[in-house]
Protein chains: 2
Amino acid sequence: MLTLYCFGPGANSLKPLLTLYEKGLEFTRRQLNPAVFEHHEPWFTKINPNGQVPALDHDGKVITESTVICEYLEDVFPGANPMRPSDPYLTAQMRIWTKWVDEYFCWCVSTIGWQRMVGRMVEKYSDEEFEEHVKRIPIYEQQVKWRRARYGFPQDLIDEEMRKIAFSVRKLEARLAQSPWLAGPDYTLADICNFAIANGMERMFGELVNEQATPHLVDWTRRINARPACQKMFAETPNEFARRSDEPTSEPVKANA
Amino acid sequence: MLTLYCFGPGANSLKPLLTLYEKGLEFTRRQLNPAVFEHHEPWFTKINPNGQVPALDHDGKVITESTVICEYLEDVFPGANPMRPSDPYLTAQMRIWTKWVDEYFCWCVSTIGWQRMVGRMVEKYSDEEFEEHVKRIPIYEQQVKWRRARYGFPQDLIDEEMRKIAFSVRKLEARLAQSPWLAGPDYTLADICNFAIANGMERMFGELVNEQATPHLVDWTRRINARPACQKMFAETPNEFARRSDEPTSEPVKANA
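Attention here is on the structure that accompanies the text. (Residues numbered from 1 in each chain as written. Chains lettered and ligands numbered in written order. Predicted model: local features only at pLDDT ≥ 70, side-chain atom pairs only at ≥ 80, totals over all residues. Heavy atoms only, no water.)

Digging into the environment of Trp220 of chain B
As a reminder, the rule being used: Segments assigned H or I by DSSP are reported as helices when at least four residues long, segments assigned E as strands when at least two residues long, and all are numbered from the N terminus. We call two residues in contact when some of their heavy atoms are within 4.5 Å.
Along the chain, Trp220 of chain B turns up in helix α10 (residues 215-225). Beyond its immediate stretch of four places on either side in the chain, Trp220 of chain B contacts Leu176, Pro180, Trp181, Leu182, Asp191, Asn194, Phe195 and Ala198 of chain B.

Focus on the layout of surface pockets
Take a probe with the size of a water molecule and roll it over the atoms, and the empty space left behind shows itself. Keep this limit in mind: Using a grid of 1 Å spacing that covers the protein atoms alone, one calls a set of points a cavity when a 1.4 Å probe fits there but cannot get out, and a pocket when the set is open and has protein on both sides within 12 Å along at least five of seven lines; lining residues are those with an atom within 4 Å of a point. Grid points are joined across faces, edges and corners, and a volume is the space filled by probe spheres set on the points. Residues are grouped as follows: nonpolar covers Ala, Val, Leu, Ile, Met, Phe, Trp, Tyr, Cys and Pro; charged covers Asp, Glu, Lys and Arg; every other residue, Gly included, is treated as polar.
Approximately 300 Å³ is the volume found for the second largest pocket. Lining the second largest pocket are 18 residues; nearest its centre among them are Asp75 and Arg84 of chain A together with Glu74, Asp75 and Arg84 of chain B. Among the secondary structure elements, those contributing two or more residues to the lining of the second largest pocket are α4 (88-121) of chain A together with α3 (66-76) and α4 (88-121) of chain B. Residue composition of the lining of the second largest pocket, by class: six nonpolar, four polar and eight charged.

Structural notes on the relation of the copies chain A and chain B
Stated formally: Our superposition of the copies is a least-squares fit, built on the C-alpha atoms of residues whose pLDDT is at least 70 in both.
With an RMSD of 0.0 Å, the operation that places chain A on chain B is a rotation of 180° combined with a shift of 0.0 Å along the axis. In symmetry terms, the pair is related by a two-fold rotation axis. Considering only C-alpha atoms, the part of chain A nearest the rotation axis is Glu103 of chain A, at 2.9 Å. Interface overlap between copies is the fraction of interface residues in one copy that are interface residues in the other; for chain A against chain B it reaches 100%, indicating a shared surface.

Observations concerning the sheet that holds strand β4 (residues 61-64) of chain B
Residues and elements named next belong to chain B. Spelled out, the test is: When DSSP finds two or more bridges between two strands, those strands count as paired. Fitting a line to C-alpha atoms yields each axis, with helices limited to the stretch in contact; the angle taken between N-to-C directions then spans 0 to 180 degrees.
Judged by pairing direction, the sheet is mixed, and its five strands sit side by side in the order β4-β3-β1-β2-β5 without closing on themselves. The open sheet has two edge strands, β4 and β5 (253-255), and neither has a second partner. The mean angle between the axes of side-by-side strands here comes to 30°, regardless of whether they run parallel or antiparallel. Both strand β2 (residues 27-31) and β5 contribute to a ladder of three bridges, which runs antiparallel. Note on β5: the bridge partner recorded for Phe27 is Ala255.

A word on the packing of helix α5 (residues 127-135) of chain B against helix α6 (residues 140-151) of chain B
All names here are of chain B. What counts is decided by this rule: Any angle from 65 to 115 degrees is called roughly perpendicular, while one under 35 is roughly parallel, one over 145 is roughly antiparallel, and all others are oblique. For any pair of crossing helices, the crossing counts as left-handed if the nearer helix is rotated counterclockwise from the farther one by less than a right angle, and right-handed if it is rotated clockwise.
As a packed pair, α5 and α6 sit with axes 9 Å apart at the nearest point and diverge in direction by 160°. On the basis of the axis angle, α5 is roughly antiparallel to α6. Of the two possible hands of crossing, α5 and α6 adopt the one that is right-handed. Touching Asp127, Phe130, Glu131, Val134 and Lys135 of α5 are Gln143, Trp146, Arg147, Arg150 and Tyr151, all from α6. Within the contact of α5 with α6, the residues separate by chemical class into four nonpolar, one polar and five charged.

Focus on the interface of chain A and chain B
Defined as follows: Note on terms: buried area is the combined drop in 1.4 Å-probe accessible area of two parts once they are placed together, counting the loss on both. Think of a salt bridge as a Lys or Arg side-chain nitrogen and an Asp or Glu carboxyl oxygen that are within 4 Å of each other. As used in this structure description, the phrase polar contact means that two N or O atoms lie within 3.5 Å; if the pair is within protein, one of them must be able to donate a hydrogen and the other to accept it, and residues adjacent in sequence are counted only when both atoms belong to side chains.
Counting from both sides, the interface comprises 28 residues of chain A and, opposite them, 29 residues of chain B. Note on chain A versus chain B: buried area summed over both sides is about 2,300 Å², and carbon and sulfur give 61% of it. Remark: the boundary between chain A and chain B carries eight salt bridges. In this structure, Arg95 of chain A and Asp75 of chain B form a salt bridge, with 3.1 Å as the shortest nitrogen-oxygen distance. Run the count over chain A and chain B and you get eight residue pairs in polar contact (both at pLDDT 80 or more). Contributing elements (two or more residues each) for the side of chain A that touches chain B: β4 (61-64), α3 (66-76), α4, α6 (140-151) and α7 (155-178) of chain A. A per-element tally of the side of chain A that touches chain B places α4 of chain A first, with 11 residues. Each residue belonging to the side of chain A that touches chain B can be placed in one class, and the counts come to 11 nonpolar, four polar and 13 charged.

Okay, structure coming up:
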């Protein structure tokens, strides 16, 4: 049995979510609520001591790290609509792109996302309540990030992240101008993992990502959004930024049934 | 035919070097000289436009990124002394560790290594000559790093990297106190990729890594150094920091024959 602990269909949680939908695998979704720091509750840090989603429970074994989960699903269910090329050279190209998301692209976009949205999510707490939550976060860098989301990121960091975002957009556009999909002729985990970060950039960074400036990137985003698996995922999976509940939300839900 | 473009047996170059030796694969080594910026020469940026080693040429196809090259070698030569577990759960654990090296551990150690050693490597150049070289570096972040290696890293960055190194040492020691190898019962790419960064820390960060403070980490390092493949690699592959030549060094050499 597969149980995915995740947030809504965006960023790192989207990677295994979309992979599960593309591969047609039924799973139980347990969607945590970041606005009440549910992923740092003791019940969840027993599952992932880092207090991070996504995490996949497969028959009692827990796999963490979004990209690792995606490759795990390929290793365990290779026959179910493969999202990893059969050719090793193309697999290597796929991994260069998934690695680039994890080491570069996701961080710059994430900082700006946190600056604009995450601070607001916890406005309801007093400074003391906020600090009580933050102190329980297992990863030091995440504590720093939460405090910055509330009290402000250094301007030189924001400037540097915006430079990296502009570079990332140029890199994706250049690649998609020469290839239909990032790793080559086929849609793969490279596309899923980059889409997890890039989808929404047209809205969030409209001055950089739009039909005129980045036609290939916009077209690629739309092609992925149009896929039946992607539409089913968005239809079934609530977005916590829309919901803004103050309640834990991790009750089990059958997904992709 | 396999040709590996690399530096000496340390850091990212060590990862595919040791993997090739462990798997018993013959290859041609083309070892570039960082002290003359050979990896930014046009002949090499034709092979890897990022101007980075290692890069593997396999029958005319080029694979870049050290960790991706290691997994590629497993994909193409699965029968040659596997360095990747056959169990998908253990493979996921391996990938969590190789990913951690690439996203966290390698960067903090690298900054201090650059601070202490790389600046000295290019002292022979005038500021103007140095800048001429740096301007040709394809990756912006690498330009910044070379300039800092010559003119100084910000103290707050050095302090933060030292904090991360101390955390990394504690993390490795804790894991190796409970498991003989990082990913579980067997020696895998997780060990090779972490060893690439950790070997030498007893010398470079002796106040953190030593027999008293980190007995399991030191023992693990010695067990890997004692492996025949590792000894053969070190015997056959010159270390550029010992050599300090001003000449390009990329002539082809038969390795692991």
